[in-house]
Amino acid sequence: MRKAMRTLVVFVAVLLVVTFVFTGCTKYAKEEQLQKLEETKAAALAAEKSLNDCKTESGKLEGQLTEKKQALEDMKKEKDVVSKRLAAMGN
């Protein structure tokens, strides 16, 4: 009885393994899978290009911001100088 049960379990296990091997695994991809892969690659490349463009634009904008902040500081200093001169003229 035990031997028969053991043999049955081994047979079922072998049958399952053989079924998975022959039905689930193929050597080559189907045309539809290859097309989806190409579309995915194209989308990834487009996303990377977009990311690089955004990084470039961000760098440019940060440079402009730095320039504007420097110009603001220069104008504040000039305003202080002019205010001091006006105060000196008024006395």
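Just above sits the structure.
Rules used throughout
- Residues numbered from 1 in each chain as written.
- Predicted model: local features only at pLDDT ≥ 70, side-chain atom pairs only at ≥ 80, totals over all residues.
- Heavy atoms only, no water.
- Helix = DSSP H or I, 4+ residues; strand = E, 2+ residues; numbered from the N terminus.
- Buried < 20%, exposed > 50% of the residue type's maximum accessible area, 1.4 Å probe, protein only.
- Areas by Shrake-Rupley, 256 points an atom, 1.4 Å probe, with all protein chains shown as cover.
- Salt bridge = Lys/Arg side-chain N within 4 Å of Asp/Glu carboxyl O.
- Patch = residues over 30% accessible without salt bridge, like charges linked within 9 Å, V, L, I, M, F, W, Y side chains within 5 Å.

A. Here's a closer look at the overall build of the chain. Each helix and strand in the chain was counted, giving two helices and zero strands. When the 91 residues of the chain are sorted by exposure, 0% land in the buried category. When the accessible surface of the chain is summed, it comes to about 9,100 Å², and 64% of that surface belongs to carbon and sulfur atoms.

B. Fine view of the pattern of salt bridges. Applying the stated rule across the entire model yields two salt bridges. Here Lys-36 ties to Glu-32 by a salt bridge, and the two come within 3.5 Å at their closest N and O atoms. Residue Lys-36 and its partner Glu-32 are located together in helix H2 (residues 31-90), separated by four residues, close to a single helical turn. Residue classification places Lys-36 among the partly exposed residues on the basis of a relative accessible area of 48%.

C. Region of interest: a nonpolar patch on the surface. A contiguous nonpolar surface patch, about 330 Å² in accessible area, is contributed by Val-82, Leu-86 and Met-89. Classification of Met-89 by relative accessible area gives exposed; the value is 67%.

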